[in-house]
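If you want the building blocks of each chain, they are given just below.
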Amino acid sequence: MSKYYLNYLDELESEAIYILREVWAQFENPVILFSGGKDSILVTHLAKKAFYPSKIPFPFMHVDTGHNFPETIQFRDDLIKDLDAQLIVGSVQEAIDTGRVAEEKGKSATRNSLQITTLLDAIENNKVDCAIGGGRRDEEKARAKERFFSHRDDFGQWDPKNQRPELWNILNGKHFEGEHFRAFPISNWTEMDVWNYIKKENIAIPSLYYAHDREVVWRNDSWIPVSDFLKLEDGEKVETKKIRFRTLGDITITGGIESDADTLEKIAMEVSAMKKTERGDRTDDKRSESSMEDRKRQGYF
Amino acid sequence: MELDNNQLLRFTTAGSVDDGKSTLIGRLLYDSKSIFEDQLAAVETTSKRKGHDGVDLALFTDGLKDEREQGITIDVAYRYFTTPKRKFIIADTPGHIQYTRNMVTGASTANAALILIDARHGVIEQTKRHAFIASLLQIPHLIVCINKMDLVEFSEERYNEIISQFEEFSSKLYVKDVRFLPISALLGDNVVNRSENMKWYQGAPLLHTLETMHISSDINKIDARFPVQTVLRPQREGFIDYRGYAGRVASGIFRPNDEVTVMPSGFTSKIKSIDTDKGELAEAFAPMSVSITLEDDIDVSRGDMIVKTANKPEASQEFTAMICWLHNDAAKPRAKYTILHTSNEPKAMIKEVLYKIDINTYGRDEENKDLKMNEIAKVKVKTTRPVMIDEYRDNRITGSFTLVDDATHETVAAGMIV
């Protein structure tokens, strides 16, 4: 007798496909939030499967902070072309230039929280009623309580104490005009699951995830890449190290780790032996105990 | 780590801070080496600040800001860990009576439920409540952890006494598989590692139990049900006439050439192919997401269900169900709701409340028929169009539904068809 059960990766895949199809069926104008990171690439890959042999029926939305890794933007453009999809870009630089938001000051200034305004503007201007994201519940404690279909009020805000209960596989995307949803098809995946699946499906990801030589400085316990936006502090020196990135955010705040992992097999091996969480190298999450929760309440990814 | 055949097991833990639930989860994560250094460092710092000796394991499940401030769990939190044998998803739910709705939510997808009993106190009201919800939601496996054995001198006699207390009331419930375990979450006895203090206990520790429990038969493989989510019409080269019905198999097994009926229309056809992006499949079973093409060009859309002609669900506009009220606003008699049942969503109303159940005593209340948040009742539901139903006991997908308030769009009730 053949086995009539799925292994855990197939079950996670099937769950994500189910959620993506529900988004398509329940919303008028959904988009995939695309950052160029592995999680949004995974969501894109799953969307390809969910609608095969049709094309992915969603446009893509990228919130561009202006502080990107050039490799990420190249990867994004190639993928969008390959998928024959539409790309909507919300520009943080433009929001700064027009005075919609003000740049943070000081040494640890980032454009992280500035993304919120740009994201919400892009959602509103494009009449998006559901933004599909690659958020995972294992990333951070505030995300552990996130729903597959997460309701946002007409200010784009998340109220963690007033979330709709989600039972069985029933998803309720009903909403009033002006409100929108975030949908998280890979909620139940862990970092390890993502890498095991990328390896299994041999999904293309930006070269930044593979070990490579790069000029970096040691700051906040990780290797911050040298870029036009980096201002060296006293005592900091530029070194060339063989590093790779576990997550991809802004080039200004995403720290790399020293690594020799230059294949998917080696990366998966390395991740399974990791002793620190992947967001441990992200300055944005180190600000306070509830920095992610605070940003999410305001409308962050 | 090669995990090719490893399954996913979802379990729920209901309980309060007092009975050691958070400590147990922390212990499982810690002893199975699922805690990262930066998480451990954060918890060590907080433990010190709060004046605890050593690491307070309960802090690993620390949640939202409000919850940290109040020291209680408000909402369902999901946690993950993996061992060489399985991947686990924990739905960590609060145990207080006002959070029944969260327990119900966490229980709805669980293969197993952990019920914690404080060995000093034995079976209390909360234990009965948790067992009732596990039984109502038909969680296939129940693991009763008798915790804090270190505080009753690891007494076998006390352990057996609590088992008797539990069995006395649980005989009124419908649970297929119940196991008991004497543990100390604080010291780690019988959680991941076998207890040195309770040699009299011959069974496996908790983690081993979770790793080896047989869960493949938790899914219904008899009644083939395929709710259609959406229709795929690519209209591009190579697929001009393609018409695939996309969905996730709810139960049973489908194969090409199977005689099928589309409900509620009643049209019959044969399965032409079962497709995925990797090619055609020889069979599809729950919970696989696939798309199905049929031999005949018939009208099928979202809300319809493809089933085997020889084994059909009931198409009904009136049925009886147990419901749990989830919302602050009480149920309005004969008010209209939208029912979400598989991919089908007609209007519905609660025609009659037959009785409410006291989840602490299991007594029936046939007098008061107002239905408030966290209350459970047996009701009659009427819908404007037929829904294709099975009994919840046989099928957790086609036997369940939720009700949505049309005025607020909030999910207000969860229902199980009896």
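Please read all numbers here as calculations on a predicted model, not as lab measurements.

Rules behind the numbers
Residues numbered from 1 in each chain as written. Chains lettered and ligands numbered in written order. Predicted model: local features only at pLDDT ≥ 70, side-chain atom pairs only at ≥ 80, totals over all residues. Heavy atoms only, no water. Buried < 20%, exposed > 50% of the residue type's maximum accessible area, 1.4 Å probe, protein only. Helix = DSSP H or I, 4+ residues; strand = E, 2+ residues; numbered from the N terminus. Pairing = 2+ DSSP bridges. Contact = heavy atoms within 4.5 Å. Buried area = accessible area lost by both parts, 1.4 Å probe. Salt bridge = Lys/Arg side-chain N within 4 Å of Asp/Glu carboxyl O. Polar contact = N/O pair within 3.5 Å; in protein donor to acceptor, adjacent residues only side chain to side chain. Nonpolar A, V, L, I, M, F, W, Y, C, P; charged D, E, K, R; others polar. Patch = residues over 30% accessible without salt bridge, like charges linked within 9 Å, V, L, I, M, F, W, Y side chains within 5 Å. Areas by Shrake-Rupley, 256 points an atom, 1.4 Å probe, with all protein chains shown as cover. Lys, Arg positive; Asp, Glu negative; His and termini not counted. Charge placed at Lys NZ, Arg CZ, Asp CG, Glu CD. Domains from an automatic or database assignment. Axes fitted to C-alpha atoms, helices over the stretch in contact; angles between N-to-C directions.

### A short note on the pairing of strand 17 (residues 336–340) of chain B
Residue and element names in this part refer to chain B. Where burial is concerned, most of strand 17 is hidden: four out of the five residues are buried. Here strand 17 runs beside strand 18 (residues 347–357); their pairing, made up of three bridges, is antiparallel. When the sheet's bridge partners are listed, Y337 is paired in strand 18 with A348. A loop of six residues connects strand 17 with strand 18, the two strands running antiparallel in sequence, and T342 in this loop sits at a positive phi of about 45°. Where strand 17 and strand 21 (residues 400–405) come together, four bridges link them in antiparallel fashion. Bridged to T338 within strand 21 is V404.

### With respect to the interface of chain B and chain A
Taken residue by residue, the interface counts 81 residues in chain B and 66 residues in chain A. Note on chain B versus chain A: buried area summed over both sides is about 6700 Å², and carbon and sulfur give 54% of it. Applying the counting criterion to the chain B and chain A interface returns seven salt bridges. Residue D277 of chain B is joined to K49 of chain A by a salt bridge in which the shortest nitrogen-to-oxygen separation is 3.3 Å. Summed over the shared surface of chain B and chain A, the result is 28 residue pairs in polar contact (both at pLDDT 80 or more). When the residues that make up the side of chain B that touches chain A are grouped by side-chain class, the tally is 31 nonpolar, 23 polar and 27 charged.

### Structural notes on a negative patch on the surface
Residue and element names in this part refer to chain B. A grouping of D241, E295, D296 and D297 is seen on the molecular surface, where their side chains present a negatively charged patch. For D296, the position within the fold is in the loop between strand 14 (289–294) and strand 15 (305–308). Relative accessible area serves as the criterion here: at 39%, D296 is assigned to the partly exposed category.

### Some words on the pairing of strand 6 (residues 180–183) of chain A
Residues and elements named next belong to chain A. Here strand 6 shows a buried face lined by H180 and R182 and a second buried face lined by F181 and A183. The sheet contact formed by strand 4 (residues 130–132) and strand 6 spans three bridges and is parallel. Across the sheet, residue C130 finds its bridge partner in strand 6, namely F181. For strand 5 (residues 149–152) and strand 6, the ladder comprises four bridges, and the chain directions are antiparallel. By the bridge assignment for strand 6, F149 is matched with A183.

### Points about the domain arrangement of chain B
Under the domain assignment, chain B is made up of domain 1 (7–218), domain 2 (225–308) and domain 3 (314–417). The C-alpha-based centres of domain 1 of chain B and domain 2 of chain B are spaced at 41 Å.

### Let's talk about the sheet that holds strand 2 (residues 60–64) of chain A
Either a parallel or an antiparallel arrangement is found when strands of a sheet pair, and the pairing is made through backbone hydrogen bonds. All names here are of chain A. Across the sheet, which stays open at both edges, the six strands sit in the order 3-2-1-4-6-5 with mixed pairing between neighbours. A strand with exactly one partner marks an edge of an open sheet, and here the two such strands are strand 3 (87–91) and strand 5. For this sheet the average axis-to-axis angle between neighbouring strands, irrespective of direction, equals 30°. Two elements, strand 2 and strand 3, share five bridges in a ladder whose sense is parallel. Paired with V63 across the bridge in strand 3 is G90. The sheet contacts of helix 2 (residues 38–51) involve strand 1 (30–33), strand 2 and strand 4, and relative to strand 1 the element is tilted by about 135°. Contacts from helix 5 (residues 114–125) reach strand 1, strand 2, strand 3, strand 4 and strand 6 within the one sheet, and its direction differs from that of strand 2 by about 150°.

### What about the environment of G399 of chain B?
Residue and element names in this part refer to chain B. Here G399 shows up in the loop between strand 20 (376–389) and strand 21. Assessed through its relative accessible area of 0%, G399 is described here as buried. Not counting chain neighbours up to four residues away, the residues in contact with G399 comprise D390, E391, Y392, G415, M416 and I417.

### A closer look at the environment of M213 of chain B
Residues and elements named next belong to chain B. In this structure, M213 sits in the loop between helix 7 (206–212) and strand 7 (225–232). The class of M213 is buried, set by a relative accessible area of 1%. M213 sits 102 residues away from N111 along the chain, and the two C-alpha atoms are 9.8 Å apart. Beyond its immediate stretch of four places on either side in the chain, M213 contacts L9, R86, A112, H141, I143 and R179.

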